[in-house]
Amino acid sequence: MDHKCRGCGAALSDVMVDLGPQPLANSYVIPQNAHRGELFIPLTVYVCALCKLVQLHHEVPPSDIFSEYAYQSSWSDSWVEHARRYVDLATERLGLNEGSKVVEIASNDGYLLQWFVRKGIPVLGIEPAANIAAIAEERGIPSRVEFFERAVGRQVREESGPADLMVANNVLAHVHELHDFVGGFTELLAPNGRATIEFPHLLKLMEQVEFDTIYHEHFSYLSLLALEPVFAAEGLSVVDVDELSTHGGTLRVWLAHTGSAPESPNVERIRQAEAAAGLGDLATYTQFGATVAAHKREILRHLIDLVESGKRVAAYGARRILLGASFHAPSNSAERERAEDLLLRSDDSGAVGAAARAHGVRYLVVTPALLAGKGLELEQIEARRHLRRVHLTGRPGAEFVAIYEITS
Ligand SMILES: [Zn+2]
């Protein structure tokens, strides 16, 4: 395959680790379909030999389109507290006040911007999921329903002026068009403004062999080394870095327009730490695959030993339930079943809309297993007036995943 690096455009040929075909991390097989198997998609992590950006290049899985839609950031108390502390820090560091403007990308339900609002600091959220943005609006947080990109940054600036602070937490790794996304910051950021971007640090992933954090929705695995050229190409520079413990080790980079602010010694310290760990050398990445394989063999050996010595092995896992006609209220399976049936069978768009809103669901994922379980044909789903197909992977008649937007 001839993939191009989404950082520098070079041809990608070096594999950092090949985890083989894997099911989508957030997919959920309902118990009655457990015997039918599920869709597996290759999970191969490439590293760019030139800029060292670590990235996936697979057929876009459906979860990418809507995974964030069913999740509200406010459900995590520790994350809301993280946001509150950040807001205090940023307000003080940048001297923000009633005359400032803060814009958050992927602002979700307002978990973060609410703390600026309480300080009387004007905010705007940009959030692609309409149902989640509506919750933010109800809380008094102005929100635009949009995917962020260069053109959106330009438009927001024209309509409501530049931003003194822009925030993007745990969104950069999910972005396909890295330059177009970062370019939106360049457009919207005030001349002396700051942007902060938080992302899981690749250095920690590699040091702690956190290969379980590699999944289909997570397109890039980020280091300062690989990101600085992307920022530079868009006229932005990293002027400070905070190291955080969230998500197994996170970097928060502070960005400014190039030449507008001095650089903190923290930036060089992280550059040096990455260099010392060998992130500048291609071999460091390609050896990672061997480390992962060694872990796999060790675990298998251990399991085999346990079984042969007569021990029993139990497994426990917790997965977010987002895919399928599944809802994030799994505790009430009867209610979920009723909503599933309504979404799949009903032609009453009002009732469907009410059910979808009640469950915070905007998309319906249809697989052959689901249809078989309900005794339905894909043609029947296609005919529903309240469902608009937005994605199809595979072929109807064979293995496929179709995604429908609930339009009522
Ligand atoms: Zn590259």
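Summarised in this report is the structure supplied together with it. Source: prediction; values computed, not measured. (Residues numbered from 1 in each chain as written. Predicted model: local features only at pLDDT ≥ 70, side-chain atom pairs only at ≥ 80, totals over all residues.)

## Digging into unusual backbone geometry
Heads up, the rule is: The helix and strand labels rest on DSSP assignments: H or I over at least four residues marks a helix, E over at least two residues marks a strand, and numbering proceeds from the N terminus.
Positive phi outside glycine occurs at Asn-108, with the angle close to 55 degrees. Following the sequence through the fold, Asn-108 ends up in the loop between β6 (102-105) and α3 (113-118). In the Ramachandran plot, Val-209 falls in the positive-phi region, its phi being about 50 degrees despite a non-glycine side chain. Within the element layout of this structure, Val-209 appears in the loop between α7 (202-207) and β11 (220-221).

## Some thoughts on the packing of helix α6 (residues 178-188) against helix α8 (residues 224-233)
Note the threshold: A fitted line through C-alpha atoms serves as each axis, taken over the contacting stretch for helices, and the angle formed by two N-to-C directions is quoted from 0 to 180°. The cut-offs work like this: below 35 degrees is roughly parallel, past 145 is roughly antiparallel, 65 to 115 is roughly perpendicular, and the gaps in between are oblique. In a left-handed crossing the near helix is turned counterclockwise from the far helix by less than a right angle, and in a right-handed crossing that turn is clockwise. This entry defines residue contacts through backbone-placed C-beta atoms, with two residues in contact when those atoms are within 7 Å. All amino acids are sorted into three groups, where Ala, Val, Leu, Ile, Met, Phe, Trp, Tyr, Cys and Pro are nonpolar, Asp, Glu, Lys and Arg are charged, and the leftover types, Gly among them, are polar.
At a closest axis distance of 9 Å, the pairing of α6 and α8 adopts a crossing angle of 60 degrees. As the angle between them shows, α6 and α8 are arranged oblique. The hand of the α6/α8 crossing is right-handed. Of the residues in α8, those in contact with Leu-178, His-179 and Val-182 of α6 are Val-230, Phe-231 and Ala-233. Looking at the contact of α6 with α8 residue by residue, the classes come out as five nonpolar, one polar and no charged.

## A short note on the nonpolar core
Under the convention used in this document: Buried Ala, Val, Leu, Ile, Met, Phe, Trp, Tyr and Cys residues form a nonpolar core when they are connected through C-beta atoms within 7 Å. With C-beta atoms placed from the backbone, the exposure class of a residue follows from how many other C-beta atoms lie within 10 Å of its own: 20 or more, buried; 12 or fewer, exposed; in between, partly exposed.
Residues Met-16, Val-54, Val-102, Val-103, Met-166, Phe-185 and Leu-255 are the most contacted members of the largest nonpolar core, which totals 77 residues. Residues contacting Met-16, with those up to four places away along its chain left out, are Val-45, Tyr-46, Val-47, Val-54, Tyr-285, Thr-286, Phe-288 and Gly-289. Among the nonpolar cores identified, the runner-up in size contains 21 residues, and Val-352, Tyr-363, Leu-364 and Val-365 belong to it.

## Description of the sheet that holds strand β7 (residues 123-126)
To keep it simple, the criterion reads: Strand pairing is assigned whenever DSSP identifies at least 2 bridges connecting the two strands.
An order of β8-β7-β6-β9-β10-β13-β12 is seen for the seven strands of this open sheet, with the pairing classed as mixed. The outermost strands of the open sheet, each flanked by one partner alone, are β8 (143-144) and β12 (236-244). Of the strand pairs in this sheet, β7 and β8 are connected by two bridges, and their pairing is parallel. Following the sheet pairing, Ile-126 is matched in β8 by Arg-144.

## Examining helix α10 (residues 282-308)
How we decide: For a helix, the expected span equals 1.5 Å multiplied by the residue count minus one.
With 27 residues, α10 should reach 39 Å at 1.5 Å per residue; the first-to-last C-alpha distance of 40 Å fits that figure. Taking burial as the measure, the 27 residues of α10 include two buried ones, a minor fraction of the element. Just past α10, the residue Gly-310 takes up positive phi, approximately 85 degrees.

## Digging into the packing of helix α5 (residues 150-160) against α6
Axis separation between α5 and α6 bottoms out at 6 Å; the angle between their running directions is 15 degrees. Comparing their axes, α6 and α5 come out roughly parallel. Considering how the two elements wind past one another, α5 and α6 form a crossing that is right-handed. Taking contact as the criterion, the partners of Arg-150, Val-152, Gly-153, Arg-154, Val-156 and Arg-157 in α5 are, on α6, Asp-180, Gly-183, Gly-184, Phe-185, Glu-187 and Leu-188.

## Re the sheet that holds strand β4 (residues 40-47)
As summarised here, the arrangement of the four strands in space is β3-β4-β5-β11, forming an open sheet in which the pairing is antiparallel. The open sheet has two edge strands, β3 (14-23) and β11, and neither has a second partner. Relative to strand β5 (residues 54-56), β4 runs antiparallel, the two sharing three bridges. Considered in β5, the bridge of Val-45 is made with Leu-56.

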